[in-house]
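Commentary on secondary and tertiary structure
For reference, the chains in residue letters:
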Amino acid sequence: MSDVKIKNLVIDVLKPREISIVDLSKALCETKGSSKVSIDVKEVDVNTETVSIRIEGTDIDYEAIVEKINDYGCAIRSIDGVEVYKMKKI
Amino acid sequence: MQLEAADSSDSSNLLMILEEKRDNFKHYLKISGIGEIARRYFIMNAFDGAVTMLGILIGAYVGGAVSPKIILSAGLGAGIAMGVSGFFGAYLAEEAERSRRIRSLEKALHIDLDDTLIGRAATFAAVMAALIDALSPMLAALISISPFILSFMGILDPWLSYMISIGLILTLLLILGIFLGKVSGENTLYYALATTSAGLVTGLIGIFLQVLFS
């Protein structure tokens, strides 16, 4: 099993306007390994909004994040940033 | 001891499932915006149900058949027909509208939304609208002709039932008007008078019909 963990993740997402960023951020923060989520609205369209999602944690579960974003009817446009670290074995 | 542990784990699982369902319900309500639509459907169709029953009562009087059996069967038949028509009409209309919205969103997002919160909320909204559209006229119809159930059982005089039914219908229309007034946050009296007037106009047309037929 890999001991490289994701610490920070920045994702550019296109979301329907019906989905509130408060609900989306709470749902993402509930995923395993995430401890802090912040969302910034970058662009507003008639039906959609482009948002930048920043997730922080000790061991972010990338697949769970993608699944949650898709379940909320949002489309991932790009992964704009990632920060990983390796666990030191004692 | 083991059995007790299994029982408590079962109940905590059930609690978790119920909490998840409640959260989903809240999400669907919020995303679909069905609350406002449901209120509109409820008022519109309960109003329909009450006025239709008034029409049946007046028709029975003009036709000289104030019999509990006839009024009950005609009333229940009309109530069921309104319920079935309301269910299918609202479901299909809501589904069509929401499908159109989802397809337009899919074009913008370039993803399939059917198995997402948005898609599930749309189905939920269509079913909720259909249920409210079906149940509200049926409930209003049932309340309106309920005195005739007592007449049918021989407890109440048919003419007394007739008067109580008309009173119930006018009260129902008045309550719907007051509810509308509360929703609008404006003149409650105006809405109450408007809905009750619909009942009184139906009554006047009935009197006119009776004069015409006699």
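Just above, that's the structure.
Summary of the structure given here. Worth saying up front: this structure is predicted, and the values here are computed from it rather than measured. (Residues numbered from 1 in each chain as written. Chains lettered and ligands numbered in written order. Predicted model: local features only at pLDDT ≥ 70, side-chain atom pairs only at ≥ 80, totals over all residues. Heavy atoms only, no water.)

1. Focus: the pattern of salt bridges
Note the threshold: A pairing counts as a salt bridge when a side-chain nitrogen of Lys or Arg comes within 4 Å of a carboxyl oxygen of Asp or Glu. What counts as a helix is a DSSP run of H or I of at least four residues, what counts as a strand is a run of E of at least two, and both are numbered from the N terminus. Exposure classes here rest on a 1.4 Å probe applied to the protein chains alone. A residue is buried below 20% of its type maximum, exposed above 50%, and partly exposed in between.
A complete count under the given rule lists 16 salt bridges over all chains for this structure. We note a salt bridge from aspartate 12 of chain A to lysine 42 of chain A, for which the minimum N-O separation is 3.0 Å. Residue aspartate 12 of chain A is located in strand E1 (residues 4-16), and its partner lysine 42 of chain A is located in strand E2 (residues 34-44); the two are separated by 30 residues in the primary sequence. Judged by its relative accessible area of 6%, aspartate 12 of chain A is buried. For glutamate 36 of chain B, the salt bridge identified is with arginine 40 of chain B, shortest N-O distance 3.6 Å.

2. Observations regarding the nonpolar core
Note that soluble globular proteins tend to have their nonpolar side chains buried in a common cluster. Stated precisely, the cut-off is as follows: Grouping buried Ala, Val, Leu, Ile, Met, Phe, Trp, Tyr and Cys residues that are joined through side-chain atoms within 4.5 Å yields what is termed a nonpolar core. We call two residues in contact when some of their heavy atoms are within 4.5 Å.
Counting residues in each nonpolar core, the largest one holds 39 residues, and the members touching the most others are Leu24, Ile53, Ile55 and Ile69 of chain A. The element best represented in this core is helix H4 (residues 117-152) of chain B, accounting for eight residues. Apart from the residues lying within four places of it in its own chain, the contact partners of isoleucine 69 of chain A are Ile11, Val13, Leu28, Ile53, Cys74 and Ile76 of chain A. Core analysis: the next-biggest nonpolar cluster, separate from the first, contains 23 residues, Val51, Leu57, Phe148 and Ile169 of chain B among them.

3. Remarks on the pairing of E2 of chain A
Along any regular strand, the residues point their side chains to alternate faces of the sheet. All names here are of chain A. The following threshold applies: Note: two strands are recorded as paired if DSSP finds a minimum of 2 bridges between them.
Bridge analysis of E2 against strand E3 (residues 48-57) gives nine bridges, and the strand direction is antiparallel. Paired with serine 38 across the two strands is arginine 54, which belongs to E3. Counting the residues between successive antiparallel strands, the hairpin from E2 to E3 contains three residues.

4. Remarks on the side chain of glutamate 49 of chain A
Relative to the elements of secondary structure, glutamate 49 of chain A occurs in strand E3. Glutamate 49 of chain A has contacts with Val13, Leu14, Lys15, Arg17, Val41, Glu43 and Val44 of chain A, leaving out every residue within four places of it along the chain.

5. Considerations on the packing of helix H2 (residues 34-62) of chain B against helix H5 (residues 158-184) of chain B
Residues and elements named next belong to chain B. Definition in use: Comment: axis = line fitted to C-alpha atoms, over the contacting stretch for helices; angle = value between 0 and 180 degrees taken between N-to-C directions. Angle categories: roughly parallel below 35 degrees, roughly antiparallel above 145, roughly perpendicular from 65 to 115, and oblique for all the rest. Left-handed describes a crossing whose near helix is turned anticlockwise from the far helix by less than a right angle; the clockwise case is right-handed. When residues are sorted by character, Ala, Val, Leu, Ile, Met, Phe, Trp, Tyr, Cys and Pro go into the nonpolar class, Asp, Glu, Lys and Arg into the charged class, and all the rest, Gly among them, into the polar class.
For the pair H2 and H5, interaxial distance at closest approach is 10 Å and the crossing angle is 155 degrees. Considering the angle they form, H2 stands roughly antiparallel to H5. Classified by chirality, the crossing of H5 by H2 is left-handed. Seen from H2, the contacting residues are Arg39, Phe42, Ile43, Ala46, Phe47, Ala50, Val51, Met53, Leu54, Leu57, Ile58 and Tyr61; seen from H5, they are Trp159, Tyr162, Ser165, Ile166, Ile169, Leu172, Leu173, Leu176, Phe179, Leu180 and Val183. Of the residues in the contact of H2 with H5, the class split is 21 nonpolar, one polar and one charged.

Without other data, these values stay purely geometric and don't point to any function.
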